[in-house]
Amino acid sequence: MQTANDIRRTFLDFFAKQGHQIVDSSPLVPRNDPTLMFTNAGMVQFKNVFTGAETRPYKRAVTSQKCVRAGGKHNDLDNVGYTARHHTFFEMLGNFSFGDYFKDDAIAFAWNLITKEYGLPADKLLVTVHTSDEDAAAIWRKVAGLSDDRIIRIPTDDNFWRMGDTGPCGPCSEIFYDHGPSIAGGPPGSADQDGDRFIEIWNLVFMQYEQLGPDNLVPLPKPSIDTGMGLERLAAVLQGKHDNYDIDLMRSLILASAEATKTSPDGAHAVSHRVIADHLRSTSFLIADGVLPSNEGRGYVLRRIMRRAMRHAHMIGAREPLMHRLVPALIQQMGDAYPELNRARALIVETLKLEETRFKQTLERGLRLLEDEVGHLGEGQPLAGDVAFKLYDTYGFPLDLTQDVLRGQGRGVDEAGFKAAMDEQRRKARESWAGSGEVGTEKLWYEIKDELGATEFFGYDTEVAEGKVTA
Ligand code: ATP
Ligand code: MG
Ligand code: MG
Ligand code: MG
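Residues numbered from 1 in each chain as written. Chains lettered and ligands numbered in written order. Predicted model: local features only at pLDDT ≥ 70, side-chain atom pairs only at ≥ 80, totals over all residues. Heavy atoms only, no water.

With that out of the way, let us pick up the side chain of Arg8. Mapping Arg8 onto the fold places it in helix α1 (residues 4-17). Assessed through its relative accessible area of 7%, Arg8 is described here as buried. Engagement of the side chain of Arg8 in a polar contact is seen with the side chain of Asn5, the distance being 2.7 Å. At a separation of 2.7 Å, a polar atom in the side chain of Arg8 contacts the side chain of Glu91. When residues no more than four places from it in sequence are discounted, the contact partners of Arg8 are Ser64, Glu91, Leu93, Leu231, Met334, Ala337 and Tyr338. (Helix = DSSP H or I, 4+ residues; strand = E, 2+ residues; numbered from the N terminus. Buried < 20%, exposed > 50% of the residue type's maximum accessible area, 1.4 Å probe, protein only. Polar contact = N/O pair within 3.5 Å; in protein donor to acceptor, adjacent residues only side chain to side chain. Contact = heavy atoms within 4.5 Å.)

Before going further, it helps to spend a moment on the pairing of strand β4 (residues 125-130). The buried count for β4 comes to six of six residues, which makes it a mostly enclosed element. On β4, burial covers both faces: Leu125, Val127 and Val129 on one face and Leu126, Thr128 and His130 on the other are all buried. Here four bridges tie β4 to strand β7 (residues 167-178), and the two strands are oriented antiparallel to one another. Note that in β7 the partner of Thr128 across the bridge is Glu174. For β4 and strand β5 (residues 151-154), the ladder comprises four bridges, and the chain directions are parallel. Across the sheet, residue Val127 finds its bridge partner in β5, namely Ile151. Handedness of the β-α-β unit built from β4, helix α4 (residues 134-144) and β5 comes out right-handed. (Pairing = 2+ DSSP bridges. Right-handed = clockwise from strand over helix to strand, strands pointing away.)

A few words on helix α7 (residues 270-288). Across its 19 residues, α7 extends 27 Å between first and last C-alpha, which sits within 8% of the 27 Å expected from 1.5 Å per residue. With 18 of 19 residues buried, α7 lies mostly within the body of the structure. (Expected span 1.5 Å × (residues − 1).)

Moving on, we get to the site of ligand 1. Neighbouring ligand 1 are 18 residues; Asp76, Arg85, His86, Glu200 and Asn203 lie closest to it. Between ligand 1 and the protein, one listed contact pairs an oxygen atom with a side-chain N or O atom of Glu174 at 3.3 Å. Contact distances for ligand 1 include 2.9 Å between an oxygen atom and a side-chain N or O atom of Arg233. About the coverage of ligand 1: the protein hides 88% of its 590 Å² of free accessible area. Mapping ligand 1 onto the cavity grids shows that it belongs to the largest pocket. No other element matches the four residues that strand β8 (residues 198-213) contributes to the shell around ligand 1. (Near = heavy atom within 4 Å. Areas by Shrake-Rupley, 256 points an atom, 1.4 Å probe, with all protein chains shown as cover. 1 Å grid on protein atoms, 1.4 Å probe; cavity = no way out; pocket = protein on both sides within 12 Å on 5 of 7 lines; lining within 4 Å. Sits in = over half its atoms within 2 Å of the grid points.)

Considering all chains together, one arrives at 20 aromatic pairs under this definition. Arranged with centres 4.2 Å apart and planes meeting at 15°, the rings of Phe89 and Phe285 form a pair that is stacked. Here the residue Phe89 occupies a position in strand β3 (residues 89-97), and Phe285 occupies one in helix α7, the gap between them amounting to 196 residues. This pair shows no difference in class: Phe89 is buried, exactly as Phe285 is. Relative to Phe418, the ring of Tyr392 lies with its centre 5.8 Å away and its plane at 75°, an arrangement referred to as edge-to-face. Of the two residues, Tyr392 is situated in helix α12 (residues 385-395) and Phe418 in helix α14 (residues 415-436); the sequence distance between them amounts to 26 residues. (Phe/Tyr/Trp six-rings, centres within 6.5 Å; stacked < 30°, edge-to-face > 60°.)

Grouped together as the largest cluster of nonpolar side chains are 114 residues, with contacts concentrated most on Phe11, Tyr118, Leu120, Trp140, Ile175 and Trp202. For this core, the leading source of residues is helix α11 (residues 345-375), giving nine residues. Ignoring anything within four residues of it in the chain, the contact list for Ile175 reads Ala110, Ile114, Leu125, Leu126, Val127, Trp140, Ile199, Glu200, Ile201 and Trp202. (Core = buried A, V, L, I, M, F, W, Y, C linked by side-chain atoms within 4.5 Å.)

Coordination sphere of the magnesium ion (ligand 4), protein contribution only: Glu174 (OE) and Glu200 (OE), at 2.0 to 2.2 Å. Here the magnesium ion (ligand 4) and the magnesium ion (ligand 3) are spaced 3.2 Å apart, and both take Glu200 as a donor. Of the two residues, Glu174 sits in strand β7 while Glu200 sits in strand β8, which places them 26 residues apart along the sequence. For Glu200, a relative accessible area of 27% translates into the label partly exposed. (Donors = N, O, S within 2.8 Å, 3.2 Å for Na, K, Ca; no water.)

This paragraph deals with the packing of α11 against helix α13 (residues 399-407). Two elements in contact, α11 and α13, have axes whose closest approach is 12 Å; the angle formed by their N-to-C orientations is 50°. Accordingly, the angle class assigned to the pair α11 and α13 is oblique. As α11 runs across α13, the sense of the crossing is right-handed. Two secondary-structure elements touch here, α11 through Phe359, Leu367, Leu370 and Val374 and α13 through Leu401, Thr402, Val405 and Leu406. In terms of residue class, the contact of α11 with α13 is built from seven nonpolar, one polar and no charged. (Axes fitted to C-alpha atoms, helices over the stretch in contact; angles between N-to-C directions. Parallel < 35°, antiparallel > 145°, perpendicular 65-115°, else oblique. Left-handed = near helix turned anticlockwise from the far one by under 90°. Nonpolar A, V, L, I, M, F, W, Y, C, P; charged D, E, K, R; others polar.)

This is the structure we're talking about:
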């Protein structure tokens, strides 16, 4: 079996042999990029190289990049536990050309790597291209010998990749693996493409433009290549699994969670163990990169992920803090590839433990309150906004935590009511500040917030420090 660690190595070696510099993953908190919440793709650390603002001593690079997609333009937090293919933290394998090779080589490299080195059967693969990109379709026909029905033309933004609202971007071509008719889901471009039968494994982006503003797209100085393949998705395919959570790496974390709680890894608790395994990775890696739980910005996203994991730990019966006990299993799996985990071991363990200890009490009480309230509701009736707000304000339940609890029951939250309750509390706070006669920082920050507007909801006592983080 090719383990996840083998698969990462093969990727880096293959491209190193083709003249690519092996570059370390950049941190999850993007340097010098206030527009982005977390590093969400391999190209992020090369953004300025694509635009020409920065040069490097190499024209080809290969990386295995730590990515977090929880918040911002690419947000998969709500997919975890629900799809077979999404994590909040994952590794993106990517090769890059900075004005060096373009589509022909990018497609040939990708095809050779997956069919020859990794040995994937060609007849299970299909690709997409952007409708405007006949070049790419012709190259696929030539290089891979794919018939026309397996080169699917997509007119939408699914085949136009963007990092965020600004930055380098371009049409892309994606490689899909068909897991067969026993799994629900249609081919890319079809109405039920979000099923898990046809899984997108690799995205080849033909970087040609830079997005400067909403309607301002300019050509890049030199066409370039940016690709991204999810290590876990590739591992699933190579290990004969349909589900990312069944690969060796994720499975070992799931087993650690099952063992620590003396529960079965499968059956009724399977989803909880998956969520815990996923959130263990994102929280530990974020802490290792310097993010700490807080009530604002990145720290609040971290806190939200932690609290979702804790709710699942509670569901499987853990009565003592659980997450920190799983850190050794994570380091055993990933510590060699990412030595920062080991360096931050004590900080990760302590942070997880403290946060879980503090939230435990209110979690239990909040869940009871929620259960009570739900008992009074009719089928499918949403939870009242002021109850969700009370859970938020008094019990420390981020709105998405409450929503996640209710989702299993096919129930939502009256979000407008939630927002109204929050605005009301904010108004009162503002009044009492004004009444106190002090010109406090708090008042100032309400004003700043009103000017800038909140771009995303991060929590009541928090939005200002958030400032302009939009993607
Ligand atoms: P999907 O449509 O499945 O959500 P995507 O189009 O959002 O994926 P890209 O932005 O194209 O993904 O990222 C490149 C590759 O990274 C994907 O082809 C996939 O292999 C991997 N990937 C993306 N999001 C995730 C995730 N949340 N968890 C694991 N792998 C991911
Ligand atoms: Mg996605
Ligand atoms: Mg996609
Ligand atoms: Mg994609």
